[in-house]
Amino acid sequence: MTSVLESIYSEEYAVVDVRTPAEYEKGHIVGAVNIPLFTNEERADVGTRYVKQSREEAIRRGLELVGPRLAGYVEQARSLDKPLVVYCWRGGMRSSSMSWLFSTSGIASQTIPRGYKGFRKAAAERLALPWQWRVVAGPTGSGKTSFLRTLAEGGEQVIDLEGLANHKGSSFGGIMQPAQPTTEHMMNRIHHAMHGFDVSRPVWVEDESRTIGRVHLPETMFESMRVAPRQILETPLEMRITNLVAEYGQLPLDELIAAFDRIREKLGGDRTKRAIEAVQLGDMHAAVEIALDYYDRTYEYTAKRFEV
């Protein structure tokens with residue numbers, strides 16, 4: 001499994017996921033190209049025949065479906081212009097059949113032992129290693145992301161969890177961001193980001209709750225982060241406001257108003273009203289200052305978990 005895992009992160013290989021589009025969307029090896037053997041509906045049909053009729057009937061139906069498409073599969077694979085690493089769910093018939101087809105057509109191809117399930121197991125085991133986590137903490141707007149970026153530029157091992165989650169972790173964090181990955185795929189992204197990391201060196205991450213937007217962090221990682229050494233950034237309030245105005249001030253007004261509405265119950269009706277009015281008047285400094293009244297209280301509450 002180790003040698004194949006090395007191959008999937010090598011630019012010399014193209015990784016091909018032959019599972020259905022739905023399986024691929026739920027989670028896949030980062031960088032893998034989806035060349036599905038079956039559509040979502042076809043996979044369900046074949047599976048039903050396997051369970052209710054027989055293996056032979058399922059294979060017959062599968063051949064009937066894919067036969068006319070074999071040349072198309074090969075052309076898609078050939079366009080990748082690299083040797084292939086092919087996988088399905090368990091490293092069974094789908095990946096072995098497609099790998100045989102590609103190899104027979106002159107395209108070097110290998111499969112991942114135990115398929116995507118095996119990859120996920122190996123990824124979880126690697127994530128559970130005794131990593132030297134270092135957590136960058138501080139109230140909203142204190143410059144944690146910039147601090148991590150500087151560390152990365154200096155050669156430190158850094159994971160941008162909010163970047164991987166496509167969310168900045170607050171009511172405002174999803175504005176103008178791409179769709180979030182599934183929780184399953186988030187772990188794949190983290191594993192990919194840690195490729196080549198040295199377990200004996202520190203790995204820096206931003207302080208996060210168990211969820212970032214709708215995405216849950218891997219449990220072993222979150223629990224390790226909770227007890228990891230913390231670097232707390234002390235940034236003056238005015239600088240924090242300036243940072244947040246620069247980050248959010250150019251976002252669509254209707255999105256900002258909707259974000260304030262989402263925290264209305266916790267912010268309070270009067271503060272929410274004043275914040276929305278400030279947004280409408282273009283006074284982002286005032287709007288941010290009101291928002292920080294809520295977020296600072298939240299930060300102070302959660303920070304108490306780490307007091308000795």
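Here we summarise the structure given alongside this text. Please read all numbers here as calculations on a predicted model, not as lab measurements. (Residues numbered from 1 in each chain as written. Predicted model: local features only at pLDDT ≥ 70, side-chain atom pairs only at ≥ 80, totals over all residues. Heavy atoms only, no water.)

## Let's talk about helix H6 (residues 93-104)
Part 1 of the reasoning: The first and last C-alpha atoms of H6 sit 16 Å apart over 12 residues, in line with the 16 Å expected at 1.5 Å per residue.
Part 2 of the reasoning: Within H6, the full set of buried residues consists of Arg94, Ser95, Met98, Ser99, Leu101 and Phe102. Within H6, the buried residues cover an arc of 160° as seen down the axis, which keeps them to one side. Opposite its buried face, H6 presents the exposed residues Trp100 and Thr104, each directed more than 90 degrees away.
Part 3 of the reasoning: Buried residues along H6 sit against helix H2 (21-26), helix H3 (40-52), helix H5 (70-78), strand E3 (84-87) and strand E4 (109-111). (Helix = DSSP H or I, 4+ residues; strand = E, 2+ residues; numbered from the N terminus. Expected span 1.5 Å × (residues − 1). Buried < 20%, exposed > 50% of the residue type's maximum accessible area, 1.4 Å probe, protein only. Arc of directions from axis to C-beta. Contact = heavy atoms within 4.5 Å.)

## Some thoughts on the packing of aromatic side chains
Part 1 of the reasoning: Considering all chains together, one arrives at eight aromatic pairs under this definition.
Part 2 of the reasoning: An aromatic cluster is defined as three or more aromatic residues linked by ring pairs; in this entry it consists of Phe172, Tyr248, Phe260, Tyr294 and Tyr295.
Part 3 of the reasoning: Here Arg19 stacks its cationic end above the ring of Tyr116, 4.2 Å away from the centre of that ring.
Part 4 of the reasoning: A cation sits over an aromatic face here: Lys168 above Tyr248, 5.3 Å from the ring centre. (Phe/Tyr/Trp six-rings, centres within 6.5 Å; stacked < 30°, edge-to-face > 60°. Lys NZ or Arg CZ within 6 Å of the ring centre and 35° of its normal.)

## Things to note about the sheet that holds E4
Part 1 of the reasoning: What the four strands build is an open sheet, ordered E2-E1-E3-E4; its pairing is parallel. Of all strands in the sheet, those bounded by a partner on one side alone are strand E2 (33-34) and E4.
Part 2 of the reasoning: Here strand E1 (residues 14-17) runs beside E3; their pairing, made up of four bridges, is parallel. Residue pairing across strands places Val15 opposite Val85, the latter belonging to E3.
Part 3 of the reasoning: Against the sheet, H6 engages E3 and E4, with an angle of about 170° to E4. (Pairing = 2+ DSSP bridges. Axes fitted to C-alpha atoms, helices over the stretch in contact; angles between N-to-C directions.)

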